[in-house]
Amino acid sequence: MNILFAASEAFPYAKSGGLADIMHSLPKSLAEADHKVSVVIPYYPQIMGELCGKLKVRYDQFDVQLGDTLERTRIHEDRINKNLTYYFVEYNRFYDRPKLYDWAGEEYADNAERYIFLCRATMDLAIALNLDLDILHTNDWHTSLCNVYLKSNIYSDNATFAKCKSVITIHNIGYQGIFDKANLYWTGLGWEYFNHTCLEYNDCLNFLNAGILTADMVSTVSPTYAKEILTPEFAFNLEGSLGHVAARNKLKGIINCIDTYEWNSEIDPLIPANYTLKSLAGKKKCKKALQKQFGLPQKAKTPVFGIVSRLATQKGIDVFCDAIWSMLEEDDCQFVILGSGEQWLHDRLDFLAKSFPKKIGVYIGYDNKLAHMIEAGVDMFVMPSRYEPCGLNQMYSMRYGTVPVVRATGGLEDTVENYDPNTVDSSTGFKFNLLTVDALLNTLRWAEAIYATRPDHFSKIMANGMKQDFSAKHMAKEYEQMYLEI
Ligand code: ADP
Ligand code: GLC
């Protein structure tokens, strides 16, 4: 099949979270399965840094319509192999910024224009490249206008799209792209698209909802999240649209997988020592190095808990800060945290680090190498998410012999098998249901107790995790099935 992905980020070029990882691993696996795959993302010079030097100019002058004017862009490409090419839309007024979506805690005021423009450029690029598409696959609100465009009077008659079906994957329904309706002007679409079966929701534009309603298939990134988003608790007001789609058998949950080459403790060049299940000495070295780096006492037996996360309300970091206070006061344990995001969460973590400098190390920022070092160096990894469409870090953790402690929601529910002394042969982590301070604290202490008093069981849980097969070829197979179905 001829498949075109559109997304706002892709590893290694630009990444804020798991979407970027999937835009790396999924196209790669589909290309390995001999599909022809193209991916379009913006060209973000400040974020892509030296990777820009790797790209070739594909079209030096490429005009894209925005509102009533044609804007001149440049298109770059990175040809990975004969089946896989990444394309980049250079338009510096929109994309030459220090961060992807926001600055100093404020979303960029022109985000509607920025991503309408990306969608329009994606459609025009598909035509220019003569892609003869089978599948147009969009991701989250940033690119969901492509699903609308495909069925619109602007593009539906174009031969490039004659047999093309569209898919939208919801990676996170908490972000919908809700904007003032005046922004419809930038899309080039008429007011007839501003109705409840397309772009209108509560008298505003809602890009994600429009994508859901116009795509031929909607998917999300775990089976449990696919059920959760049919309920008001998780749907952020889109349960009606999703119910409509599900009733027509057009909603699927496909679990994310991971790139087992990028995240492989045996060969990972970003960690201080490599290791395997058979020889775990390297993991001990990674732990020691991590404790040193964060200024924590280098005690081999003290359990270390880690977090690597966007610091967003979604991730439950506020509950975590409340829960660990008594552990910091009373227990022999350590915490290492890497994250960036909302200021109030930075402040809360900084306060803990200042209050207990020998027990908790915090690094506020984005740092891929440190993320790998934490996965390798900690004993347990904590994900107390309010909701989690899939979550990748629990899978990275398991591959690195690090035991996840997670809230049983979304993909965390689907990928972690709760510890039970009677079924220790299949246990891979520790889970709790309600996101309360008590439930989280009790679960962290439960994990701490198993670590200290049942090392045989703890080692078994580690080993079970390391043996899990999360490789992306499974995910690619399921997407392929879905494409064939539509
Ligand atoms: P989400 O997409 O909701 O952020 P996921 O668990 O799917 O959650 O993916 C998060 C990805 O982003 C992981 O690869 C994780 O290692 C990475 N990540 C998150 N925050 C940081 C950070 N501050 N520095 C480096 N990597 C980070
Ligand atoms: C989102 C979700 C996360 C998921 C990722 C990749 O950002 O929050 O749970 O793993 O997308 O699909």
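Quick notes on the rules
- Residues numbered from 1 in each chain as written.
- Chains lettered and ligands numbered in written order.
- Predicted model: local features only at pLDDT ≥ 70, side-chain atom pairs only at ≥ 80, totals over all residues.
- Heavy atoms only, no water.
- Domains from an automatic or database assignment.
- Contact = heavy atoms within 4.5 Å.
- Buried area = accessible area lost by both parts, 1.4 Å probe.
- Polar contact = N/O pair within 3.5 Å; in protein donor to acceptor, adjacent residues only side chain to side chain.
- Helix = DSSP H or I, 4+ residues; strand = E, 2+ residues; numbered from the N terminus.
- Near = heavy atom within 4 Å.
- Areas by Shrake-Rupley, 256 points an atom, 1.4 Å probe, with all protein chains shown as cover.
- Nonpolar A, V, L, I, M, F, W, Y, C, P; charged D, E, K, R; others polar.
- Salt bridge = Lys/Arg side-chain N within 4 Å of Asp/Glu carboxyl O.
- Buried < 20%, exposed > 50% of the residue type's maximum accessible area, 1.4 Å probe, protein only.
- Pairing = 2+ DSSP bridges.
- Axes fitted to C-alpha atoms, helices over the stretch in contact; angles between N-to-C directions.
- Expected span 1.5 Å × (residues − 1).
- Arc of directions from axis to C-beta.

### Observations concerning the domain arrangement of the chain
For the chain, the assigned domains are domain 1 (2-257 + 472-485) and domain 2 (281-466). One C-alpha centre belongs to domain 1, the other to domain 2, and the line joining them spans 32 Å. At the junction of the two partners, domain 1 supplies 21 residues and domain 2 supplies 18 residues. A combined buried area of about 1400 Å² lies between domain 1 and domain 2, and 56% of that area is made up of carbon and sulfur atoms. Counting the contacts that link domain 1 with domain 2 gives 9 residue pairs in polar contact (both at pLDDT 80 or more). Broken down by secondary-structure element, the contributors of at least two residues to the side of domain 1 that touches domain 2 are α1 (18-32) and α9 (223-228). With 4 residues, the top contributor of residues to the side of domain 1 that touches domain 2 is α9.

### Remarks on the site of ligand 1
Surveying the vicinity of ligand 1 reveals 20 residues, the closest of which are G18, D21, R310, K315 and G365. Separating an oxygen atom of ligand 1 from a backbone N or O atom of G18 is a distance of 2.6 Å. L392 places a polar main-chain atom, nitrogen or oxygen, 2.9 Å from an oxygen atom of ligand 1. For ligand 1, whose unbound accessible area comes to 560 Å², protein coverage reaches 94%. When its residues are assigned to classes, the shell around ligand 1 shows 6 nonpolar, 8 polar and 6 charged. Domain assignment of the residues forming the shell around ligand 1 places at least three in each of domain 1 (2-257 + 472-485) and domain 2 (281-466).

### Section: the pattern of salt bridges
Summed over all chains, the structure comprises 26 salt bridges. Residues D63 and R72 are paired through a salt bridge, measuring 2.9 Å at the closest nitrogen-oxygen approach. Given a relative accessible area of 49%, R72 falls into the partly exposed group. Taking the shortest distance from any N to any O, the salt bridge between D134 and K163 comes out at 3.0 Å. In this pair, D134 sits in the loop between α4 (111-128) and β8 (135-139) while K163 sits in the loop between α6 (145-150) and β9 (165-170), placing the two residues 29 residues apart along the sequence. On the accessibility criterion, D134 (21% relative accessible area) is partly exposed. By relative accessible area, K163 is classed as partly exposed at 41%. Through salt bridges that share partners, D60, R74 and E90 make up one connected network.

### Details of the pairing of strand β13 (residues 217-220)
Judged by which residues are buried, β13 turns out to be covered on both faces: M217 and S219 on one side and V218 and T220 on the other are all buried. Sheet topology note: the β9/β13 ladder contains 4 bridges and is parallel. Within β13, the residue paired with T169 across the bridge is S219. Taken together, the 3 bridges between β13 and strand β14 (residues 251-253) define a ladder with parallel strand orientation. If you follow S219 over to β14, its bridge partner there is K252.

### Here we look at the sheet that holds strand β11 (residues 200-201)
Pairing between sheet strands relies on hydrogen bonds along the backbone, with the strands arranged either parallel or antiparallel. Here 3 strands make up an open sheet; going across it, the order is β10-β12-β11 and the pairing antiparallel. Across the chains shown, the open sheet's two edge strands, defined by having one partner strand only, are β10 (178-179) and β11. Relative to strand β12 (residues 204-206), β10 runs antiparallel, the two sharing 2 bridges. Bridge assignment links I178 to a residue of β12, and that residue is N206. Each of β10, β11 and β12 is contacted by helix α8 (residues 207-214), which is oriented at about 55° to β12, the strand it contacts most.

### Some remarks on the environment of A376
Take A376: it is sitting in helix α15 (residues 368-377). For A376, a relative accessible area of 0% corresponds to the buried category. Taking the C-alpha atoms as reference, A376 lies 21 Å from Y419; in sequence the two are 43 residues apart. If we ignore the near neighbours within four places in the chain, the residues touching A376 are I271, Y275, K283, C286 and Y400.

### Points about the site of ligand 2
In the vicinity of ligand 2, 14 residues are found, and the nearest of them are H171, N256, E388, C390 and G391. Here an oxygen atom of ligand 2 sits 2.5 Å away from a polar atom, N or O, in the side chain of E388. At 3.5 Å from an oxygen atom of ligand 2 is found a main-chain nitrogen or oxygen belonging to P389. Here the shell around ligand 2 takes 3 residues from α1, the largest share from any one element. Residues belonging to the shell around ligand 2 are distributed by class as follows: 6 nonpolar, 6 polar and 2 charged. Split by domain, the shell around ligand 2 shows at least three residues from each of two domains, domain 1 (2-257 + 472-485) and domain 2 (281-466).

### Side note on the sheet that holds strand β3 (residues 56-66)
Pairing within the open sheet is mixed, and its 9 strands lie in the order β3-β4-β5-β2-β1-β8-β9-β13-β14. Strands at the two margins of the open sheet, each flanked by one partner only, are β3 and β14. For this sheet, the mean angle separating the axes of adjacent strands, direction not counted, is 25°. The strands touched by α8 within the sheet are β9 and β13, with β9 carrying the most contacts at an inclination of about 135°. Across the face of the sheet, helix α20 (residues 472-485) comes into contact with β1 (2-6), β8, β9, β13 and β14 while running at roughly 165° to β13.

### Looking at α20
If you check α20, its first and last C-alpha atoms are 20 Å apart, about what 14 residues at 1.5 Å a residue would give, namely 20 Å. By the burial criterion, the buried members of α20 are A472, M475, A476, Y479, E480, M482 and Y483. End-on view of α20: buried residues confined to an arc of 160°, all on one side of the axis. Residues of α20 that are exposed and point over 90 degrees away from its buried face: K473, K477, Q481, L484 and E485.

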